[in-house]
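Fold and geometry: a report
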Amino acid sequence: MIGNDIIDLELAYSEKKSENQRFRKKVFSKAENDLIDSTLNSELTLWHLWASKEATYKLHQRKFQLEPKLNPLRIECCLGKSQRVQVAIKNEYYSVYTKITSKYLYAEARLNKSYELFREIYKQPVNYHDYLKNFSEANNFKLDNLSLKKDQLNIPSIFNSISEKNFPISITHHGKFAAIVFPLINS
Amino acid sequence: MSDINILSRLKKIVTPYVQREEGLENFNEATSFINDLEINSANLVDVVLDVEDEFDIEIDNDSMEGMLTVGDAKTIILQKLK
């Protein structure tokens, strides 16, 4: 079980969301908003929290097979040590790992550490063939047998036509960047 | 307010956030903001704010949660205008 989210920081900063109180009120709790205001780079903190919510939402939606929803306030974040964010949806708790560079912020939520993950961050242009290629190489599957599909809840997976099995993958794109993450098979 | 009027105003609101232009060609109540128009979630919050301004209504979080298609948005707008 995985969920990820990437933010193109140049594009995100151009929207000046930290100055948009109405947006912030719809998305962030009082504690989260206080945190945004208390940091030196409010924009970065805001997008760090946003991406953590998004990545967690994707994981949570997949885990419980939920209909798509837009309710970021229901997902509570709290920043922990070493770029780890603790996130709660109702009574479910998740950890989000974040990688921040000068160009992008990448967040990844996972259920537990019992499996190995493969992740790749791309610069656009990229398309689903690239995702399938990475998946086939990482898992030693024949590329021709793989296809990307989304179920009725719009949750993506990779289908292997030989074994007739679906394998989870989380995909995200924003501005100049895209990223995928999937558990390695047999890990 | 007619349905057609609401839909045309909605179309105008979402257009700057749309990443899949083909989705706008057949803009109807079944059009999904995320699947058909590929509006990202942060921009979907912007759409909600723009709808509030355009129709002078307030969309609470419970309503926002279910605003996934053009038809959902229309229903919420009509409800709030009552």
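Check the entry above for the structure.
Notes on the structure follow. Since the structure is predicted, the reported quantities are computational estimates derived from the model, not experimental observations.

Here the focus is the overall build of chain B. A count of helical and extended segments in chain B gives five helices and zero strands. The order of helices and strands in chain B, counted from the N terminus, is α-α-α-α-α. Based on the C-alpha atoms only, the size of chain B along its principal axes is roughly 35 × 25 × 20 Å. For chain B, with 82 residues in total, the buried portion stands at 26%. In chain B, once contacts between residues fewer than 6 apart in sequence are set aside, the share between residues at least 24 apart is 47%.

Right, let's get into the overall build of chain A. Assigned secondary structure in chain A consists of five helices and eleven strands. Taking 187 residues into account, the globule formula puts the C-alpha radius of gyration at 16 Å, and chain A, at 17 Å, falls close to it. Considering only C-alpha atoms, chain A reaches an extent of 55 × 35 × 30 Å along its principal axes. Every one of the 187 residues in chain A was classed for burial, and the buried ones make up 34%. A fraction of 61% describes how many contacts in chain A between residues 6 or more apart in sequence connect residues 24 or more apart.

A separate point is the interface of chain B and chain A. With 15 residues of chain B at the interface, the matching set in chain A holds 13 residues. Elements represented by at least two residues in the side of chain B that touches chain A include exactly helix 3 (41-55) and helix 4 (61-65) of chain B. At seven residues, the largest contribution of residues to the side of chain B that touches chain A is made by helix 3 of chain B. Of the residues assigned to the side of chain B that touches chain A, the class counts are nine nonpolar, four polar and two charged.

Residues and elements named next belong to chain B. Interaxial distance between helix 1 (residues 3-14) and helix 3 falls to 10 Å at its minimum, and their mutual angle equals 135°. Comparing their axes, helix 3 and helix 1 come out oblique. The two elements helix 1 and helix 3 cross, and the hand of that crossing is right-handed. On the side of helix 1, the interface is formed by Arg9, Ile13 and Val14, while helix 3 contributes Val47, Asp50, Val51 and Glu54. Of the residues belonging to the contact of helix 1 with helix 3, the class tally is four nonpolar, no polar and three charged.

This brings us to the sheet that holds strand 5 (residues 104-110) of chain A. All names here are of chain A. The antiparallel open sheet is built from five strands, whose spatial order is 1-5-4-3-2. Single-partner strands in this sheet number two, and they are strand 1 (2-8) and strand 2 (75-79). Ignoring strand direction, the axes of neighbouring strands in this sheet form an average angle of 25°. Looking at chain direction, strand 1 and strand 5 are connected through seven bridges and run antiparallel.

Residue and element names in this part refer to chain B. Remark: helix 1 packs on helix 5 (residues 70-81), axes separated minimally by 10 Å, with the N-to-C direction vectors making an angle of 120°. In terms of orientation, helix 1 and helix 5 fall into the oblique class. The handedness of the crossing between helix 1 and helix 5 comes out as right-handed. On helix 5, the residues that touch Asp3, Ile6, Leu7 and Leu10 of helix 1 are Val70, Ala73, Lys74 and Ile77. Here the contact of helix 1 with helix 5 is composed, by residue class, of six nonpolar, no polar and two charged.

The rules behind each value
All residue numbers refer to position in the chain's written sequence, counted from 1. As they are written, the chains are lettered A onward and the ligands numbered 1 onward, keeping that order. Per-residue local features of the predicted model are confined to residues with pLDDT of at least 70, and side-chain atom pairs are confined, for both listing and counting, to 80 or more; whole-chain, interface and lining totals are unaffected and use all residues. Here a strand is any run of E in DSSP of at least two residues, a helix any run of H or I of at least four, and the numbering for each starts at the N terminus. Note on burial: count the other C-beta atoms lying within 10 Å of the residue's C-beta; 20 or more is buried, 12 or fewer is exposed, in between is partly exposed, and C-beta positions come from the backbone. Distance between backbone-placed C-beta atoms decides contact: two residues are in contact if it is within 7 Å. Our radius of gyration looks at C-alpha atoms and nothing else; its globule reference is 2.2 Å times the residue count to the power 0.38. In this classification, Asp, Glu, Lys and Arg are treated as charged, Ala, Val, Leu, Ile, Met, Phe, Trp, Tyr, Cys and Pro as nonpolar, and every other residue, Gly included, as polar. The axes are straight lines fitted to the C-alpha atoms, using for helices just the contacting stretch, and the angles between their N-to-C directions are given from 0 to 180°. Angle categories: roughly parallel below 35 degrees, roughly antiparallel above 145, roughly perpendicular from 65 to 115, and oblique for all the rest. In this scheme the handedness of a crossing depends on how the near helix is turned from the far one: anticlockwise by less than a right angle means left-handed, clockwise means right-handed. Two strands are counted as paired when DSSP detects at least two bridges linking them.

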